[in-house]
Amino acid sequence: MSAADRLLEAWYRGHPALALLRPLEWLYRRVVQGKRARFLAGEGDIYRAPVPVLVVGNITVGGTGKTPLILFLIEHCRARGLKVGVVSRGYGATPPSLPWRVCAEQPATQAGDEPLLIVQRTGVPLMIDPDRSRAVRALLAEEPLDLILCDDGLQHYRLARDLELVLIDAARGLGNRRCLPAGPLREPVERLNEVDAVLFNGAEADRIDGYAFRLQPSALVNLASGERVGLDHLPPGQAVHAVAGIGNPQRFFNTLEALNWRPVPHPFADHAQYDAAQLSFEPSLPLLMTEKDAVKCRAFAAADWWYLAVDAVPTPAFVDWLDGELARLIPGS
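Residues numbered from 1 in each chain as written. Predicted model: local features only at pLDDT ≥ 70, side-chain atom pairs only at ≥ 80, totals over all residues. Heavy atoms only, no water.

(A) Structural detail: the side chain of N222. Structurally, N222 is set in strand β8 (residues 211-222). Exposure remark for N222: the relative accessible area of 5% places this residue in the buried category. Those residues in contact with N222 that lie beyond four places of it in its chain are E227, A303, W305 and W306. (Helix = DSSP H or I, 4+ residues; strand = E, 2+ residues; numbered from the N terminus. Buried < 20%, exposed > 50% of the residue type's maximum accessible area, 1.4 Å probe, protein only. Contact = heavy atoms within 4.5 Å.)

This is the structure in structure tokens:
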């Protein structure tokens, strides 16, 4: 287990040594609370776009299902006749210049794995730049849009926003509810009282403090051929090598078990880069991975490598709330 994995386990399961980090946590809280206060006071270089900006983010370190929810939002807004664009930091991307327009044929090393996944799945106009304000300006200079979705960026206070959605893993929750480095929180838990909506990934039903959504497996897609098949393509009890380089790999392994397969887990760091040798496992079994991992592996994929396509399915109450907010922000939509 890596040092990062041990720290993550301590945040969510508890460890007395974390008390030693509380002075650093106090300093961290002072910094992030100061940034938030300056933003609320309108201080500094804050860009307000001429179209509504909807931020999808989290206050915890690690994966919470942002990319599937972004995909849902893109399709839902398009169904309402809206022209949607996306901006993202592009974590791990190495583009020739910034801001950078992501295209489906670009390599993941250039575009970033999550932005490339989003563009390949939807064809949405998407710009990456750690400076999200600059990314929004560049995207609007190229595309006539009705709405900007900001993938992550909840703490990027140089960009004004009209809606903030925060995602939380329902199983892991907020851990010990402490800020970095003594806990997994990017901002104090009180920040949740200021956002527009909280969504709990994997919750059974809506809660008094937020909406539920789940990730619904929909198909297996072959990396080498692009063939899309049903989930019954692999029989119940099938043993598979399971690869996940995401914020919470165990969620993927649990999903495969819930589909009645027997995964041999191979967790990797979030945004990991792969080569064929790393994924040559014994014994010989079908290999299943996340769609986020697949965009980095197609060039050297074997014939029995598949990714599990999943879709975010929010509750009707959230969809009703979202439609009301879109109608408010974009009259006539």
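Moving on from the model shown.
(B) Inspection of a nonpolar patch on the surface at higher detail. A contiguous nonpolar surface patch, about 330 Å² in accessible area, is contributed by L24, W26 and L27. Within the element layout of this structure, W26 appears in helix α2 (residues 22-40). (Patch = residues over 30% accessible without salt bridge, like charges linked within 9 Å, V, L, I, M, F, W, Y side chains within 5 Å. Areas by Shrake-Rupley, 256 points an atom, 1.4 Å probe, with all protein chains shown as cover. Salt bridge = Lys/Arg side-chain N within 4 Å of Asp/Glu carboxyl O.)

(C) Structural view of the UniProt feature "binding site: ATP" (unreviewed entry) in the protein chain. The UniProt record annotates "binding site: ATP" (unreviewed entry) at T60, V61, G62, G63, T64, G65, K66 and T67. Position of V61 relative to the elements: it lies in the loop between β1 (53-57) and α3 (66-79). Setting aside residues up to four positions removed in sequence, V61 forms contacts with W11, Y12, R172, L180, P184 and R186. Along the chain, T64 turns up in the loop between β1 and α3. Residue class for T64 comes out buried when judged on its relative accessible area of 2%. Those residues in contact with T64, other than ones at most four positions away along the chain, are N58, L167, I168, D169, N201, F213 and R251. Within the structure, T64 has its side chain in polar contact with the side chain of N58 (distance 3.3 Å). (UniProt positions renumbered as here; feature names shortened; annotations may be inferred. Polar contact = N/O pair within 3.5 Å; in protein donor to acceptor, adjacent residues only side chain to side chain.)

(D) Quick peek at the pairing of strand β10 (residues 239-244). Within β10, six of the six residues are buried, which leaves it mostly tucked inside the rest of the structure. The pairing of β10 with strand β11 (residues 262-267) spans six bridges and is classified as parallel. If you follow V240 over to β11, its bridge partner there is P263. The β-α-β motif built from β10, the intervening helix α7 (residues 249-258) and the parallel element β11 has right-handed crossover chirality. In this structure, β10 lies alongside strand β12 (residues 287-290), joined through three bridges in parallel fashion. By the bridge assignment, A242 is partnered in β12 with L288. (Pairing = 2+ DSSP bridges. Right-handed = clockwise from strand over helix to strand, strands pointing away.)

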